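Chain residues, written in single-letter form:
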Amino acid sequence: MLQTKLCKIKLKNPTILASGILGVTKESVDRIGKRGAGAVTLKSLCHEERAGNSNPTMFSYDGIFLNAVGLPGQGIDSAMKDFARLDNLSLPVIGSIYGYRIGQFGEVAKKMASLKPAVIEVDISCPHMDYGKPYYADPELTAKVTKIVKLNSGKIPVSIKLSPNVYDIKEIAHAAEKAGADAITAINTTSGMVIDIDAGKPILDNKIGGVSGPALKPIAVRCVYEIYETVKIPIIGTGGITYGKDAIEMTMAGATGIGIGTAIYYRGNDVFRKVCGEIMQWMKKNKMKNLDEIRGIAHKR
Amino acid sequence: MQQTETCRTDIPQMLEIADVVQEGKGQKSFFFRHSIASKPGQFIMAWLPSVDEKPMAISYHNKKEFAFTSQSIGIFTNALDKLKKGNKLGIRGPYGNSFSTKPNACVVAGGVGLSSVSIYGARSMEHLIYRKRFKNMMITTDDGSFGRKGFTTDALDEVLSRNKKIKIVYTCGPEIMMKKIFEICQKHKVELEASLERYMACGFGICGKCMINDKICCIDGPIFNSKQLNQMSDFGNFARLKSGRKVTIKEYHSTH
Ligand SMILES: Cc1cc2nc3c(=O)[nH]c(=O)nc-3n(C[C@H](O)[C@H](O)[C@H](O)COP(=O)(O)OP(=O)(O)OC[C@H]3O[C@@H](n4cnc5c(N)ncnc54)[C@H](O)[C@@H]3O)c2cc1C
Ligand SMILES: Cc1cc2nc3c(=O)[nH]c(=O)nc-3n(C[C@H](O)[C@H](O)[C@H](O)COP(=O)(O)O)c2cc1C
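Here the structure is a predicted model, which means the values were calculated and not measured.

J.: Is there a simple way to explain the overall build of chain A in this structure?
T.: When its secondary structure is counted, chain A shows 9 helices and 16 strands. Against the globule reference of 19 Å for 301 residues, chain A gives a C-alpha radius of gyration of 18 Å, in line with a compact fold. Taken along its principal axes, the extent of the C-alpha atoms in chain A is 55 × 50 × 40 Å. Of all 301 residues assigned to chain A, the portion counted as buried reaches 62%. Taking as baseline every contact in chain A between residues at least 6 positions apart, the subset at least 24 positions apart corresponds to 69%. Of the side-chain charges in chain A, 40 are positive and 29 negative, and the distance between the mean point of each set is 7 Å.

What follows is the structure, encoded as structure tokens:
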């Protein structure tokens, strides 16, 4: 009932663990697989080891989740030893990568490709190095990164992960598709700040962080809706998906894959099974056999 | 149901330090007049603005107050050491699971973070803490400056051989010590619960660095029983750094 095809990869259901929520170790992939996810995205890796920011790096209140972990990671070289390969785990694994400079995206993509992930996802939301703007905020830079990753990934499909912090997400998605992207992941967190009035300071040590969780959902649905109108490649809709109804809403906006991250915090590692159960219940009630029946229907007049 | 799930809140709350008690050399307890619904073995995250936010076990609590005890070993704990009554810390939690608190128990502790003790080891007398709070405890110091000279592990082996009534051992302290305690308990067929430490950033199971094999230390632990420990090849051997890179326990403790 929930079987989904994403870039020719068969998923038992559309739910996918989003990058940066667990996904640091091989064992966490199996753990999330056992809890019902259709696929797992690893924590983003770059060309070097990074400790990330000091704490506080995350907290939550009122359905708002903030984080500024600062992209900690063991680095792709260490990960190659740690994971050895990604095609023999219990479910499809998406390898998330990034670099500081454009060339590094290619370098890391090549190494990631050697581990044989089902998909390579490119986090272009990292701080820029080569140019004045972050890669996600300029269609030409997005295209450059997409091209170099495609060039280094062989036959492995590539998904470009977009940020909502842009004037027009449609032109960015279009640029990625034109440069050869096989899918779009949308969205990453939106930027925010919370100040503790008793401390008189922003709570995050990094001061500014990314908002995720229920607060992000309307923004994510809007982005996926706009991207669906612009590109033909599949979209992994991510941002605030917590319940089955959110996943259905995201599918109606046009998503094929359903990214779930912060909801683990609210509903536990079992959130994948719970969300799938809720989607199926809704489908049965509405006499539906396949999610294709509702994909993108919000666009019909 | 949906309401309660997404209402979950984990944000530091600035609390005034009501009291500071010097426990041993470089070890201080910080008391807060604030109730916290905690069970033995749980921990909080303590935020010192502009410095850091780190996990600390709850070392004392009653209906009206709670405390944690910090040992100065680095930037954060040294900054805590300078705090006075009236200063504020951001507190969130409690987090983690708890000890089972069964009768006929023996508690083995080393260092700080202990909530109840019966065999307690420290480097030397000036590092001993809570000596007044707990009666009926066997103390070992590595250098023999107080109590029995030697390690808690030797003392435990002896106690378990002599006293067959002991059904369970609770332990916290350096992992190398706990690994030995685990082996001794297996030998004597006595149940063990150990409190493990890993690098923790969130405390609520999201950041993924504190994984010990397939367990997430901050939410599935920090307390693990014999059966779980027996299946953890990482226990006593490997931990992950802040970056997520896996290293030996020895390197883990010498790296930060
Ligand atoms: C569940 C739990 C309970 C703890 N309870 C206590 C306690 O009651 N009293 C106490 O003094 N200490 C406790 N600790 C350890 C305490 O968090 C570290 O000593 C402290 O973070 C050191 O910070 P630093 O900047 O002073 O030293 P650093 O130089 O940064 O670190 C020294 C060592 O402390 C450990 N450490 C550092 N940061 C962390 C972190 N974020 N999470 C886990 N370990 C870390 C590492 O082993 C490191 O090698 C606990 C740790 C955990 C995981
Ligand atoms: C703690 C945390 C860490 C994250 N780290 C990454 C990351 O390394 N790479 C990435 O592409 N996205 C990262 N994200 C963004 C998520 O993958 C996701 O796009 C975003 O959180 C929105 O989805 P959600 O509301 O389901 O969490 C992170 C999010 C959180 C909360």
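J.: Quick question: what am I supposed to make of the overall build of chain B here?
T.: Counting its secondary structure elements, chain B contains 7 helices and 18 strands. Evaluated residue by residue, chain B yields a buried proportion of 54% over its 256 residues. Partitioning the contacts of chain B with sequence separation of at least 6, the portion at a separation of at least 24 is 55%.

J.: Sorry, what's going on with the pattern of salt bridges here?
T.: Close approach of charged atoms allows side chains with opposite charge to pair. All names here are of chain A. This structure, assessed with the given rule, holds 29 salt bridges over all chains. The salt bridge partner of R267 is E278, with a shortest N-O separation of 2.6 Å. Here E278 lies in helix α9 (residues 271-285) and R267 lies in helix α8 (residues 263-267), a separation of 11 residues in the sequence. Overall, the relative accessible area of 5% leaves R267 in the buried class.

J.: What should I look at first to understand the pairing of strand β7 (residues 93-97) of chain A in this one?
T.: All names here are of chain A. The element β7 is extensively covered by neighbouring structure, given that 5 of its 5 residues are classed as buried. Both faces of β7 are covered, namely the face carrying V93, G95 and I97 and the face carrying I94 and S96. For strand β4 (residues 39-41) and β7, the ladder comprises 2 bridges, and the chain directions are parallel. By the bridge assignment, V40 is partnered in β7 with V93.

J.: Even after reading the chapter, I still don't get the side chain of S159(A), so can you show me in this structure?
T.: For S159(A), the location among the structural elements is in strand β9 (residues 158-162). Apart from residues lying up to four places away in sequence, S159(A) is in contact with V119(A), I120(A), E121(A), V122(A), A183(A), I184(A), T185(A) and I236(A).

J.: Looking at this structure, I do not really get the sheet that holds β9(A). What am I missing?
T.: All names here are of chain A. Strand order in the closed barrel made by the 8 strands is β3-β4-β7-β8-β9-β10-β15-β16, with parallel pairing throughout. Each neighbouring strand pair of the sheet contributes to a mean axis angle of 25°, computed without reference to strand direction. Bridge count for strand β3 (residues 15-17) against strand β16 (residues 257-260) is 3 bridges, and the pairing is parallel. Bridge pairing in β16 links I16 to G259.

J.: I tried to follow the environment of F32(B) on my own but got confused; where do I start?
T.: Residue position: F32(B) is located in strand β3 (residues 27-32). Taking the C-alpha atoms as reference, F32(B) lies 30 Å from V169(B); in sequence the two are 137 residues apart.

J.: Would you mind showing me how to read the interface of chain A and chain B here?
T.: Where interface size is quoted, it is often the accessible area lost as the parts come together. Contact with chain A, which involves 46 residues of that partner, is made by 40 residues of chain B. Where chain A abuts chain B, roughly 3,600 Å² becomes buried across the two surfaces, and 55% of that area is made up of carbon and sulfur atoms. Connecting chain A to chain B are 4 salt bridges. Measuring nitrogen to oxygen at the nearest pair gives 2.7 Å for the salt bridge that ties D220(B) to R31(A). Counting across the chain A and chain B interface gives 20 residue pairs in polar contact (both at pLDDT 80 or more). Here the residues of the side of chain A that touches chain B sort into 18 nonpolar, 15 polar and 13 charged.

J.: Help me out: how do you make sense of the packing of helix α2 (residues 76-83) of chain A against helix α3 (residues 102-114) of chain A in this one?
T.: Axes are the key here: two packed helices are described by the angle between their axes and the distance separating the axes. Residues and elements named next belong to chain A. Interaxial distance between α2 and α3 falls to 10 Å at its minimum, and their mutual angle equals 5°. Classified by the interaxial angle, the pair formed by α2 and α3 is roughly parallel. On α3, the residues that touch I76, D77 and M80 of α2 are V108, K111, M112 and S114. In the contact of α2 with α3, the residues fall into 4 nonpolar, 1 polar and 2 charged.

J.: What exactly am I supposed to notice about the site of ligand 1 here?
T.: Residues and elements named next belong to chain B. If you check the shell around ligand 1, you find 22 residues, and the closest are K54, P55, T69, Q71 and T77. The backbone of A57 places a nitrogen or oxygen atom 2.9 Å from a nitrogen atom of ligand 1. Backbone polar atom of Q71 to an oxygen atom of ligand 1: 2.8 Å apart, as the coordinates give it. When ligand 1 is considered free in solution it has 850 Å² of accessible area, and contact with the protein chains removes 91% of it. Of all the elements in the fold, those that place two or more residues in the shell around ligand 1 are β5 (52-61), β6 (66-71), α2 (75-81) and α7 (249-255). The biggest single contributor to the shell around ligand 1 is β5, with 4 residues. Considering only residue class, the shell around ligand 1 consists of 11 nonpolar, 8 polar and 3 charged. Taken domain by domain, the makeup of the shell around ligand 1 includes at least three residues from each of domain 1 (9-95) and domain 2 (105-255).

The rules behind the values
Residues numbered from 1 in each chain as written. Chains lettered and ligands numbered in written order. Predicted model: local features only at pLDDT ≥ 70, side-chain atom pairs only at ≥ 80, totals over all residues. Heavy atoms only, no water. Helix = DSSP H or I, 4+ residues; strand = E, 2+ residues; numbered from the N terminus. Rg over C-alpha atoms; globule rule 2.2 N^0.38 Å. Buried < 20%, exposed > 50% of the residue type's maximum accessible area, 1.4 Å probe, protein only. Contact = heavy atoms within 4.5 Å. Lys, Arg positive; Asp, Glu negative; His and termini not counted. Charge placed at Lys NZ, Arg CZ, Asp CG, Glu CD. Salt bridge = Lys/Arg side-chain N within 4 Å of Asp/Glu carboxyl O. Pairing = 2+ DSSP bridges. Axes fitted to C-alpha atoms, helices over the stretch in contact; angles between N-to-C directions. Buried area = accessible area lost by both parts, 1.4 Å probe. Polar contact = N/O pair within 3.5 Å; in protein donor to acceptor, adjacent residues only side chain to side chain. Nonpolar A, V, L, I, M, F, W, Y, C, P; charged D, E, K, R; others polar. Parallel < 35°, antiparallel > 145°, perpendicular 65-115°, else oblique. Near = heavy atom within 4 Å. Areas by Shrake-Rupley, 256 points an atom, 1.4 Å probe, with all protein chains shown as cover. Domains from an automatic or database assignment.

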